[in-house]
Amino acid sequence: MDKNEVIRIYKLANLDLSNQDIDIISDKYNKILDFIDHIFDVDCEDVKMTEMLDNHKAVLREDIEGKSLDRQDALKNAKDTEYGYFRLNWKL
């Protein structure tokens with residue numbers, strides 16, 4: 001992943017990024033992507049698929065209805081809105 005792609009991702013997420021961090025983050029992304037490529041190279045042809053869902057004890061909280069955030073409050077810090085919703089610039 002090159003530096004321009006890192007900058008584009010951070011702009012889409014409305015995150016600040018210093019110039020010195022661009023190289024570090026780009027390097028970290030590339031290490032992760034290389035690791036993922038390595039996983040795809042592992043031969044799993046004769047490996048039997050397993051699932052271990054019977055051991056799982058899900059603890060769920062009670063669903064309690066509450067007051068929603070006012071739309072104006074939710075949008076007050078948004079850079080761009082349209083028709084009462086967040087608007088994103090996908091062409092960054």
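Residues numbered from 1 in each chain as written. Predicted model: local features only at pLDDT ≥ 70, side-chain atom pairs only at ≥ 80, totals over all residues. Heavy atoms only, no water.

Caption draft 1: The confidence of the model for the chain, seen in detail. Residues of the chain with pLDDT of at least 70 account for 93%, and the chain-wide mean is 87. Of all secondary-structure elements in the chain, the lowest mean pLDDT belongs to helix α1 (residues 3-12), at 89, while helix α3 (residues 71-75) reaches the highest, 93. (pLDDT = per-residue confidence, 0-100. Helix = DSSP H or I, 4+ residues; strand = E, 2+ residues; numbered from the N terminus.)

Caption draft 2: Molecular detail of the packing of α1 against helix α2 (residues 19-41). The N-to-C vectors of α1 and α2 enclose an angle of 100°; their axes lie 9 Å apart at closest approach. In terms of their interaxial angle, α1 and α2 are classed as roughly perpendicular. Contacts from Lys3, Val6, Ile7, Ile9 and Tyr10 of α1 reach α2 at Ile22, Asp23, Ile25, Ser26 and Tyr29. Looking at side-chain class alone, the contact of α1 with α2 contains seven nonpolar, one polar and two charged residues. (Axes fitted to C-alpha atoms, helices over the stretch in contact; angles between N-to-C directions. Parallel < 35°, antiparallel > 145°, perpendicular 65-115°, else oblique. Contact = heavy atoms within 4.5 Å. Nonpolar A, V, L, I, M, F, W, Y, C, P; charged D, E, K, R; others polar.)

Caption draft 3: Region of the structure containing the side chain of Ser26. Tracing the sequence through the fold places Ser26 in helix α2. In this structure Ser26 comes out as buried when scored by relative accessible area, which is 8%. Beyond its immediate chain neighbours, meaning those up to four positions away, Ser26 contacts Met1, Asp2, Lys3 and Val6. (Buried < 20%, exposed > 50% of the residue type's maximum accessible area, 1.4 Å probe, protein only.)

Caption draft 4: Structural view of a nonpolar patch on the surface. A cluster of nonpolar side chains, namely Ile32, Leu33, Phe35, Ile36, Ile39 and Phe40, defines an oily patch on the protein surface of about 610 Å² accessible area. Looking at where Phe40 falls in the secondary structure, it is placed in helix α2. (Patch = residues over 30% accessible without salt bridge, like charges linked within 9 Å, V, L, I, M, F, W, Y side chains within 5 Å. Areas by Shrake-Rupley, 256 points an atom, 1.4 Å probe, with all protein chains shown as cover. Salt bridge = Lys/Arg side-chain N within 4 Å of Asp/Glu carboxyl O.)

Caption draft 5: Here's a closer look at unusual backbone geometry. The backbone of Asn14 sits at a positive phi, close to 55°, despite the residue not being glycine. Here Asn14 lies in the loop between α1 and α2. By relative accessible area, Asn14 is classed as partly exposed at 48%. Its identity as a non-glycine residue notwithstanding, Tyr83 has a phi of 55°, on the positive side. Positionally, Tyr83 belongs in the loop between β1 (81-82) and β2 (85-86).

Caption draft 6: Local environment of the pattern of salt bridges. By the definition in use, this model includes five salt bridges. The residue Arg87 makes a salt bridge to Asp80 at a minimum N-O spacing of 3.2 Å. Glu82 is the salt-bridge partner of Arg87, the closest N and O atoms lying 3.3 Å from each other. Overall, the relative accessible area of 42% leaves Arg87 in the partly exposed class. Given the relative accessible area of 34%, Glu82 is considered partly exposed. Among the charged side chains, a salt-bridge network with shared partners connects Asp80, Glu82 and Arg87.

Caption draft 7: Looking closely at the environment of Tyr29. Note that Tyr29 resides in helix α2. Separated by 10 residues in sequence, Tyr29 and Ile39 place their C-alpha atoms 15 Å apart. The residues contacting Tyr29, other than those within four sequence positions of it, are Met1, Val6, Ile9 and Tyr10.

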